[in-house]
Amino acid sequence: MLHFPRVYFTIQPMSRETEFFKSCRRIALMGGTFDPIHYGHLAAAEAVLQAYKPQRVLFVPSAAPPHKKNRAVTDAEHRYRMALLATAAHPAFEVSRLELDRPGPSYTVDTVRELRSLCPPAAEIFFIIGADTAEEIKTWKEPETLLALCEVVAVTRPGFKADALARDFKGRVRVLETPAIDISGTEIRRRAAAGESARYRVPPPVAEYIRDHRLYTNRAGIPAGFDFESAKATLADRLSPDRFRHTLGVIEAAEELSARFGADAGKARIAALLHDCAKEYSNGKKRALCQLWNIPTDDILLAQIDLAHSLLSAESAKRDYGVYDGEILQAIRYHTTGHGAMTALDKAVMLADFIEPYREDYPGLGEIRELSRISMEEALVYGITSVIQNNEDRKRLIHPWSKAALKSLTSKA
Ligand SMILES: [Fe+2]
Ligand SMILES: [Fe+2]
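Participant: Looking at this model, I keep getting lost on the coordination of the iron ion (ligand 2). Mind explaining?
Facilitator: Of the protein atoms, only His246 (NE2), His275 (NE2), Asp276 (OD) and Asp353 (OD) coordinate the iron ion (ligand 2), at distances of 2.2 to 2.4 Å. Around the iron ion (ligand 2), the four donor atoms are arranged such that angles at the metal cover 79 to 173°; this shape is classified as irregular. Within one chain, the residues donating to the iron ion (ligand 2) are spaced in sequence as H-x28-H-D-x76-D. Taken as a pair, the iron ion (ligand 2) and the iron ion (ligand 1) show a spacing of 3.3 Å, with Asp276 coordinating each metal. Taken together, the positions of Asp276 in the loop between α13 (265–274) and α14 (283–292) and Asp353 in helix α18 (residues 344–355) put the pair 77 residues apart, joining distant regions of the chain.

Participant: I'm lost on helix α20 (residues 376–393) in this one. Help?
Facilitator: An α-helix turns once every 3.6 residues. As a result, residues three or four positions apart point the same way. For α20, spanning 18 residues, the distance from its first C-alpha to its last is 25 Å, which sits close to the expected 26 Å at 1.5 Å a residue. The N-terminus of α20 is capped by Ser375, whose side-chain oxygen sits 3.2 Å from the backbone nitrogen of Glu377. Phi for Lys395, located one or two positions after α20, is positive at around 60°.

Participant: It is not clear to me how the coordination of the iron ion (ligand 1) should be interpreted in this structure. Could you clarify?
Facilitator: For a metal with four donors in a tetrahedral arrangement, the ideal angle between donors is 109.5 degrees, while six donors in an octahedron ideally sit at 90 or 180 degrees. Surrounding the iron ion (ligand 1) are the protein donor atoms Asp276 (OD), His309 (NE2) and His335 (NE2), which sit 2.1 to 2.2 Å from the metal. Read N to C, the donor residues that coordinate the iron ion (ligand 1) are spaced as D-x32-H-x25-H. Its relative accessible area of 3% is what places His309 among the buried residues.

Participant: What am I meant to see in the nonpolar core here?
Facilitator: Soluble globular proteins tend to bury their nonpolar side chains together. Counting 46 residues, the largest nonpolar core has Leu235, Leu274, Leu351, Leu380 and Ile384 as the members making the most contacts within it. Among the elements that take part in this core, α18 stands out by supplying eight residues, more than any other. One finds Met30, Ala76, Leu100 and Ala192 within the second-largest nonpolar core, a separate group that totals 40 residues.

Rules used in this analysis
Residues numbered from 1 in each chain as written. Chains lettered and ligands numbered in written order. Predicted model: local features only at pLDDT ≥ 70, side-chain atom pairs only at ≥ 80, totals over all residues. Heavy atoms only, no water. Donors = N, O, S within 2.8 Å, 3.2 Å for Na, K, Ca; no water. Tetrahedral: all angles 85-135°; square planar, octahedral: opposite > 155°, others 65-115°. Helix = DSSP H or I, 4+ residues; strand = E, 2+ residues; numbered from the N terminus. Expected span 1.5 Å × (residues − 1). Polar contact = N/O pair within 3.5 Å; in protein donor to acceptor, adjacent residues only side chain to side chain. Buried < 20%, exposed > 50% of the residue type's maximum accessible area, 1.4 Å probe, protein only. Core = buried A, V, L, I, M, F, W, Y, C linked by side-chain atoms within 4.5 Å.

Structure (structure tokens):
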């Protein structure tokens, strides 16, 4: 299914993007494919910012990299958006479309020349490059012009022997030591293709973007399907034995109810497997995740944060387990409260949670199980009514979704 990014991107008119250049005094430029942009790039840019104090560091994703003809490079717009997401929160970092909007192959010398033409003649332009690739400048288009147009800064991890650079370029390349961050785009792409995350290698919004758009997965030809057994094994590890046994019970019951009442049993299994995947997070973690994942909360959810475990489990099903099916996610999201327009799948998962075979006995369990043989609606009305009753007795708040569920189920029961 299509997945929309949370941020909407508009292409800025060139005039506004280049407005700053008219009065620019000092600017650093970092070119690259940024496939994807990662912490190595960002740390290098930050080091240059600290060392040479440019007013801005401009990240310039290349359109069709002339040096990487042997590999299919990810669509330029994806790389541009990832660069925006990675740098947006830094006041001095900007992403430029200079190369993206220029037809034909992009050569650094053309980009620097264009930037030079936009800036006052006295402006200082730093061009940032990795020390290990700085040697290659000699093979680039018009290397002499490039060195004349800007200051080349070769960034390197501590201990890099820069003698050859100094000799070959006769001191016209500055060498700047940066923190050793051993991250490569190749490694990130390999990991993504193998289904591993890019966490701690790229900023979180970039990791999300890669995952949501399945950037490197599809290209490697690995089917982006959901692996039930491996997710089950993961949950067997992560959940407490009781919670995992409950989960197995819900899978069993949800499959049975789906078969009986015409819901999609395959989807019910997946929803049941993941319905409580965030249930055992601490309250602090639940609150933090609601904030981090922009999950809309209300006073009742915040006061009884455990209720939010359904919403968090749905979000985690997507983010951590790669489930993108809207019906499955909805069934997980509302399994605790229900809602006003429940599908057969929603009902099967919620009811399975009430009646699963390993449940410890609670008042009304026998009746709900009886009713569930005849009608999911009647069983749910009975179940939700007793939960509401119980919560009222304990002076707990009742979520409006539960009331809406009860109302709509009563009219159909
Ligand atoms: Fe639950
Ligand atoms: Fe549950």
